[in-house]
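Structure at a glance
The primary structure of each chain is shown beneath.
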Amino acid sequence: MNNYMEMTNHNLVHTYNRFPVVLERGEGVYLYDTDGKKYLDFAAGIAVSGLGYRDKELTDVLKMQIDKLMHTSNLYYNTTCGKAAEALKDACGMDRVFFTNSGTEANEGVLKAARKYAWKKGTGRYEFIAMTASFHGRSMGALSVTEHEAYRAPFEPLVPGVKFAEFNNLESVKSLVNEKTCAIILEPLQGEGGVNLATQEFMTGIRKLCDEEGILMICDEIQCGMARTGSMFAWQSYGTKPDMITMAKAIGSGVPVGAFGMTEKVAEYSLEPGDHGTTYGGNPFVCAAVAKTLEIYEKRDLVNHVRETGAYLKQKLEELKETCQGVLECRGTGLIQGIRLDKPAGDTVKKALDEGLLIISARSDVIRLVPPLVIEKEHVDELIEKLKKIM
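Quantities reported herein were computed from a predicted structural model and do not represent experimental measurements. (Residues numbered from 1 in each chain as written. Predicted model: local features only at pLDDT ≥ 70, side-chain atom pairs only at ≥ 80, totals over all residues. Heavy atoms only, no water.)

**Brief notes about the overall build of the protein**
Within the protein, the secondary structure is distributed over 15 helices and 17 strands. Taken over the C-alpha trace, the protein has a radius of gyration of 21 Å; the compact-globule value for 391 residues is 21 Å, and the two agree within 12%. The principal-axis extent of the C-alpha atoms belonging to the protein is close to 60 × 50 × 45 Å. The buried share of the protein, reckoned over its 391 residues, is 53%. At a minimum sequence separation of 6, the contacts of the protein that also span at least 24 residues come to 71%. For the protein, the computed accessible surface area is about 17,700 Å², with 51% contributed by carbon and sulfur atoms. Treating the 46 positive side-chain charges of the protein as one cloud and the 53 negative ones as another, the clouds have centres 1 Å apart. (Helix = DSSP H or I, 4+ residues; strand = E, 2+ residues; numbered from the N terminus. Rg over C-alpha atoms; globule rule 2.2 N^0.38 Å. Buried < 20%, exposed > 50% of the residue type's maximum accessible area, 1.4 Å probe, protein only. Contact = heavy atoms within 4.5 Å. Areas by Shrake-Rupley, 256 points an atom, 1.4 Å probe, with all protein chains shown as cover. Lys, Arg positive; Asp, Glu negative; His and termini not counted. Charge placed at Lys NZ, Arg CZ, Asp CG, Glu CD.)

What follows is the structure, encoded as structure tokens:
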């Protein structure tokens, strides 16, 4: 194990603080390191591996696609892109889809689309309103709408024309709107920001405000989408359809792929050939993963499974809060839950490794639980027993 870690540290740019574990394989909702140690996975590659590991239906399709065709570029049509786009746009409620390589790239795309929309409409609008505690990625554009000083400071000046409103404070948003505002971008549930769930009043108010002021509403559902909250996409539980939506992580079940979707109204007045592109986005391999993932979600009724299992997880976490000192609050919905502690969460995350449990943090004091969506109640019970030992 030490040899693998040494090779990694000597050959890669040091941009990650990795834990001293070398993972080798996965099975179901468990991962195994090179020493054969078994870990219950409540991180899912940061909400990516919704179907867990070695799902036979998915891997069989991917093996077949590898044997057929992996890449052609977007100069040509292929047999899987249209199928994946149709399934994804229907699932997220949009009319058009653009495939990217990551969530960050998806956010770059919608920012450009929003400005192009305003340009074609001749409004002169170019400013964005984003939220406190937001996270949209680490590229220059995505970072510009991310409110996290530690991430932003070394790379200033970022893209101009961004203001930050207080999350879940509608009056704060209204106070920032002016004749230059072209879009409001927010996560219906902030994962990286501490597992903060938007209120119904806030989401409804944002949609109404955008309609009244001619502003586009953008929902970043990269982490909270794909059934994780108990709706296929989080906005659907609020009934507040955005004008654009960004997706990634679980849409490919571990295959690197992102996407953004838009309504026909936006598509008509935004990106045109030459405005935006990607070499790998929408290639036959990743689109096969997206199409099969969505097929499996529907066939296995994962949305209802998440609602049921998520309710059980929330109940057990509330019980844990009553018995464990240091737990201040449990928050979240579905299978994205947070445990706020009275101390740094990183210490608990490290201790969990010794107990064969993979969890992650959000901000400094929140344990974030984003397991594969296929977990059962028995896995929740196993989680709670391990947390009791750790905490």
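**Thoughts on the pairing of strand S2 (residues 30-33)**
Burial of S2 is two-sided: the residues Tyr 30 and Tyr 32 facing one way and the residues Leu 31 and Asp 33 facing the other way are all buried. Connecting the antiparallel pair strand S1 (residues 23-27) and S2 is a turn made up of 2 residues, with Gly 28 showing a positive phi of about 65°. A loop of 4 residues connects S2 with strand S3 (residues 38-41), the two strands running antiparallel in sequence, and Gly 36 in this loop sits at a positive phi of about 85°. (Pairing = 2+ DSSP bridges.)

**Brief notes about helix H13 (residues 302-323)**
Residues that lie three or four places apart on an α-helix share one face, since the helix turns once every 3.6 residues. Here H13 contains 22 residues, and its C-alpha end-to-end distance of 31 Å stays within 8% of the 32 Å for a straight helix at 1.5 Å per residue. The secondary structure elements touched by the buried residues of H13 are helix H12 (284-299), strand S13 (327-333), strand S14 (336-341), strand S17 (366-369) and helix H15 (377-390). (Expected span 1.5 Å × (residues − 1).)

**Thoughts on the side chain of Lys 116**
Its location among the elements puts Lys 116 in helix H5 (residues 103-121). Judged by its relative accessible area of 12%, Lys 116 is buried. The contact partners of Lys 116, leaving out residues within four places of it in the chain, are Tyr 269, Ser 270, Leu 271, Glu 272 and Asp 275.

**Quick notes on the sheet that holds strand S15 (residues 357-358)**
Strands pair in a sheet through their backbones, by hydrogen bonds, and they do so in one of two ways: parallel or antiparallel. Strand order in the open sheet formed by 4 strands is S1-S2-S3-S15, and the pairing between neighbours is mixed. Strand pairing shows two members of the sheet lacking a second neighbour, S1 and S15, which therefore form its edges. Examined bridge by bridge, S2 and S3 share 3 bridges and lie antiparallel to one another. Bridging across to S3, Tyr 30 finds its partner in Leu 40.

**Describing the packing of H13 against H15**
The interhelical angle for the contact between H13 and H15, taken along N-to-C directions, is 20°, at an axis separation of 10 Å. Put simply, H13 runs roughly parallel to H15. When the axes of H13 and H15 are compared, the crossing they make is right-handed. Where H13 abuts H15, its residues Glu 308, Thr 309, Tyr 312, Leu 313, Lys 316, Leu 317 and Leu 320 lie against Lys 377, Val 380, Asp 381, Leu 383, Ile 384, Leu 387 and Lys 388. Looking at the contact of H13 with H15 residue by residue, the class counts come to 8 nonpolar, 1 polar and 5 charged. (Axes fitted to C-alpha atoms, helices over the stretch in contact; angles between N-to-C directions. Parallel < 35°, antiparallel > 145°, perpendicular 65-115°, else oblique. Left-handed = near helix turned anticlockwise from the far one by under 90°. Nonpolar A, V, L, I, M, F, W, Y, C, P; charged D, E, K, R; others polar.)

**Thoughts on the packing of helix H4 (residues 81-92) against H12**
Remark: H4 packs on H12, axes separated minimally by 8 Å, with the N-to-C direction vectors making an angle of 45°. By the angle class used here, H4 and H12 are oblique. Between H4 and H12 the crossing geometry is left-handed. In this structure, H4 uses Cys 81, Lys 83, Ala 84, Ala 87, Leu 88 and Ala 91 to contact H12, whose residues at the interface are Cys 287, Val 290, Ala 291 and Leu 294. The residue makeup of the contact of H4 with H12, split by class, is 9 nonpolar, no polar and 1 charged.

**Some thoughts on the state of the cysteines**
Throughout the structure, instances matching the rule amount to 0 disulfides. Of all cysteine sulfurs, the one in Cys 219 lies closest to Cys 92, which takes part in no disulfide; the gap is 11 Å. Looking at Cys 182, it has no disulfide partner, and the nearest cysteine sulfur is the one in Cys 210, 10 Å off. Among the residues examined, Cys 182 registers a relative accessible area of 2% and is labelled buried. (Disulfide = S-S within 2.5 Å.)

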